[in-house]
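Spelled out from the first residue to the last, the chains are:
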Amino acid sequence: MNRAYLDKLFTVVLAGVLAGLALAAAALPAALVFGLGVKNLMPYTVLPEALKTPQPAQRSNLYANDGRTLITSFYVEDRVDVPVAEVAPVMREAIVAAEDVRFYEHHGVDVRGVARAFTANRREGTRQGASTLTMQYVRNALAGDPRLTEEQRAAATEITVGRKIREMRYALTLERQIGKDEILGRYLNIAYFGAGAYGIAAASKRYFSTTPDRLTLAQAALLAGLVRSPADDPINGEADSALQRRAYVLDRMVETGRVNAADAEAAKATELALEPNTTPNDCAAVPADHNDWGFFCDWFTQWWNAQPAFGENVDERQRTLRRGGWKIVSSLDPDVQAKASEQVREIYPETIARAAPTAVVQPGTGRVLAMAVNRTYGTTANPDGQQNYPNTVNQLVAGGGGITGYQAGSTFKLFALLAALESGLPLDTEFDAPPVYVTQYPVGAGPASCGGRWCPANANTYWMDGDRDMWDAFGRSVNTYFAWLTERVGADRVVEMAQRLGIVFRAPADAKMAREGAKSWGPFTLGVSATTPLDLAGAYAAVAAEGTWCRPTPVTSITDPAGRKVAAGNTDCRQVLDTEVARAAADASRCPVGDQSMYRRCDGGTAEELAPGLRRPVAGKTGSSERNATETVVAFTPQLSVATIAANPDDPRDAVGGGVQKRQIAAVGRILAWSLRDEPVRDFVPPGQAVAFQHTSPRTGN
């Protein structure tokens, strides 16, 4: 029977037949038949986008930076499309035998099946649908199109004559435009197989821990039988029903000549041999032996939710993630992450309130290789009074979700150093640093107030007081030198420098001060603003990259189901400092950690034990907040930047004490040494004579 004749037949009789199919009633009156045929059938010759370019919901997979190690998946339907050529022939034959034995004979609608169902419905009062495999695909594709609203999806499955006619017309049109194998492949990818598995790839993995191309006859027949009755899945206790369905499919395959009787009997005798395999969903489902990946995964979702490319708001972006079928290769390096987690627990165990959140960032790309903290990622309840330990999902490393960060102390002196260099002051700018320096900045009452003016003191007058330049003052962390320097260049320029290098003011009071009172915020230089290890590592990474700041990113690439990379996965880098300014800052930053500047001007540092153990050029800074409430260590090479902050996230009044800094220095050194063990030794580029020794006009090149 040719297609033209079939179209004419629909116009005359099909609507009446459909009344019996869809409503189990008598044929429609002749007037209705002709009305539906002429008026309503024609629009369905143009396919909707859901059938032209199908976009069934697919799971998105998040991988480590090797592109193979799965961190977790995100989905509302566990599905990943595979080409029909990658499905075992026996599976294709089984689904045809189970769902539509004349699939390769009809043109989208099986007239014989329609007539049989119509007769049975009228005579027996039953409800046989007579849907072909193509019609089933049409219905599922329309109902599952993520571009539709929930109401539109519901309309695609409503039991009405109009819906059935639409399916038939779309099926006929679809078969004119694409081949049978393509339709079969689409159907296999969209069908629900029970136990949360959508599509043949997910089903093969869910039931048998295999791939579609390796399915056996017994496995294929079982899966094919589940499509008609997914509630009979054997994983959830319906093994007998599933085996009955398998036997039915095997019998149909014998009847249609797709397998011989002997092979079918052997398959029937095969035990179920299930190998259930669940696909992880969301960050709480990271592998149990890699629980520490959860904090990175959590930050990835924060990052994704902030990307306008994936939707207008957070809800839309989450739908895009969970339905879009993305392959996301993250920046997480499992090897570096493992070492960072190990070393963080050398600073503090996870059973105490104090934490040591730590971030590892790659200069020049902003890619975050590791995020570690001495906590278990999870929602398991903690004992009374232990809000964030030993278990938490709060973002202690990157901030957000109520975590504003921690004071990082003298590590913020970097921003005063940079602002001064940019203003035209050289590295050898000298100042006779007194034990206490009274500034022009107003402050309230407190130990650093002298008549209402901010007057910081040096922590060790014997070691810090006296004639200092930028190398020496940064190495020994001389408070009064940097208070004077801030006063000379302007506190607002120091604040702006920090913002330029990615410091985010998450605490409302800090944000207000930066916005409205930056000119009078002298204490900012000594790190009184809350920050995070991730922001801090990113800021120092910009110095390591000679002035190129890159927005910290958790991804290396993002690929859509068609294999196209999307721009949202690219790095976001910009030159924010003059190259010579950055080189000069890196040169001074070698002094605190026991390295030597290019001009041999380092003379003492607060973490001098770091460089000898690393045995490669390194720079960095330590920081202690007032009364040692927090302790911070940042260190970087041209290839890597690491920052760790010791604090009590739940109680800022719980001072961690200065003793922990030794453990932090050791931990940071080991993280760097391990992560760079196979990398070439790279030195910093020396700054020129001008930025080192000459006053100039503002250095704002690049």
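Use the structure listed above.
Presented here is a report on the structure given in the accompanying data block. What you see is a predicted model; the values in this text were computed from it and never measured.

1. So, the state of the cysteines
Inference 1: The tally for this structure, following the rule as stated, stands at 4 disulfides.
Inference 2: Here Cys 450 engages in a disulfide with Cys 455; their sulfurs sit 2.0 Å apart. Its S-S torsion of approximately 85° makes the covalent link between Cys 450 and Cys 455 right-handed.
Inference 3: With its sulfur 2.1 Å from that of its partner, Cys 550 forms a disulfide with Cys 573.

2. What about the sheet that holds strand β3 (residues 327-330)?
Inference 1: Read across the sheet, 4 strands follow the order β2-β1-β3-β15 without closing on themselves; strand pairing throughout is mixed. Each edge of the open sheet is held by one strand with a lone partner, namely β2 (70-74) and β15 (555-559). Going from strand to strand, the sheet's axes swing by 15° on average, the running direction of each strand aside.
Inference 2: With 3 bridges connecting them, strand β1 (residues 60-63) and β3 associate as parallel partners. Bridge pairing in β3 places Leu 62 opposite Ile 328.

3. Some details on unusual backbone geometry
Glycine aside, a negative phi is what most residues show, and trans is what most peptide bonds show.
Inference 1: The omega torsion across Tyr 389 and Pro 390 is 0°, close enough to zero to call that bond cis.
Inference 2: Although it is not a glycine, Arg 615 sits at a positive phi angle of roughly 60°.
Inference 3: Within the element layout of this structure, Arg 615 appears in the loop between α25 (610-614) and β17 (619-624).

4. Here's the deal with the pairing of β2
Inference 1: Within β2, 4 of the 5 residues are buried, which leaves the element mostly enclosed by the surrounding structure.
Inference 2: Relative to β2, β1 is paired through 4 bridges, and the arrangement is antiparallel. Considered in β2, the bridge of Asn 61 is made with Ser 73.

5. Re the pattern of salt bridges
Inference 1: In total, this model carries 35 salt bridges according to the counting rule given.
Inference 2: Glu 609 is paired through a salt bridge with Lys 662; the nearest N and O atoms lie 3.3 Å apart. Taken together, the residues Glu 609 in the loop between α24 (579-589) and α25 and Lys 662 in helix α26 (residues 660-675) connect sequence positions 53 residues apart.
Inference 3: Residue classification places Glu 609 among the partly exposed positions, given a relative accessible area of 36%.
Inference 4: Several salt bridges share partner residues, and in doing so they unite Arg 468, Asp 472, Arg 476 and Asp 603 into one network.

6. Some remarks on the environment of Asn 388
Inference 1: In this fold, Asn 388 is placed in the loop between β6 (376-377) and β7 (391-392).
Inference 2: By relative accessible area, Asn 388 is classed as buried at 2%.
Inference 3: Each C-alpha atom, one on Asn 388 and one on Pro 649, is 7.5 Å from the other, the two residues being 261 residues apart in sequence.
Inference 4: Setting aside chain neighbours within four positions, we find Asn 388 in contact with Arg 375, Asn 382, Asn 394, Pro 649 and Asp 650.

7. Some details on the packing of helix α6 (residues 133-143) against helix α9 (residues 180-190)
Inference 1: Closest axis-to-axis distance for the α6/α9 pair is 9 Å, and the angle between their directions is 50°. Relative to α9, the element α6 is oriented oblique. Like other packed secondary-structure pairs, α6 and α9 cross with a definite hand, here left-handed. In this structure, α6 contributes Leu 133, Thr 134, Gln 136, Tyr 137, Asn 140 and Ala 141 to the contact, and α9 contributes Ile 183, Leu 184, Arg 186, Tyr 187 and Ile 190.
Inference 2: Partitioned by chemical class, the residues of the contact of α6 with α9 number 7 nonpolar, 3 polar and 1 charged.

8. Overview of α6
Inference 1: Taken across its 11 residues, α6 has 9 buried, putting it largely inside the fold.
Inference 2: Those residues of α6 lying buried are Leu 133, Thr 134, Met 135, Gln 136, Tyr 137, Val 138, Arg 139, Ala 141 and Leu 142.

9. Remarks on the environment of Trp 304
Inference 1: Note that Trp 304 resides in helix α14 (residues 293-305).
Inference 2: A relative accessible area of 0% places Trp 304 in the buried class.
Inference 3: Taking the C-alpha atoms as reference points, Trp 304 and Val 555, separated by 251 residues in sequence, lie 9.8 Å from one another.
Inference 4: Other than its neighbours up to four places away in sequence, Trp 304 contacts Phe 310, Arg 317, Gln 318, Thr 320, Leu 321, Trp 326, Ile 328 and Ile 558.

10. Some words on the environment of His 107
Inference 1: As for its placement among the helices and strands, His 107 is situated in the loop between α4 (89-99) and α5 (111-124).
Inference 2: With 73 residues separating them along the chain, His 107 and Lys 180 place their C-alpha atoms 9.2 Å apart.

About the thresholds
- Residues numbered from 1 in each chain as written.
- Predicted model: local features only at pLDDT ≥ 70, side-chain atom pairs only at ≥ 80, totals over all residues.
- Heavy atoms only, no water.
- Disulfide = S-S within 2.5 Å.
- Pairing = 2+ DSSP bridges.
- Helix = DSSP H or I, 4+ residues; strand = E, 2+ residues; numbered from the N terminus.
- Axes fitted to C-alpha atoms, helices over the stretch in contact; angles between N-to-C directions.
- Buried < 20%, exposed > 50% of the residue type's maximum accessible area, 1.4 Å probe, protein only.
- Salt bridge = Lys/Arg side-chain N within 4 Å of Asp/Glu carboxyl O.
- Contact = heavy atoms within 4.5 Å.
- Parallel < 35°, antiparallel > 145°, perpendicular 65-115°, else oblique.
- Left-handed = near helix turned anticlockwise from the far one by under 90°.
- Nonpolar A, V, L, I, M, F, W, Y, C, P; charged D, E, K, R; others polar.

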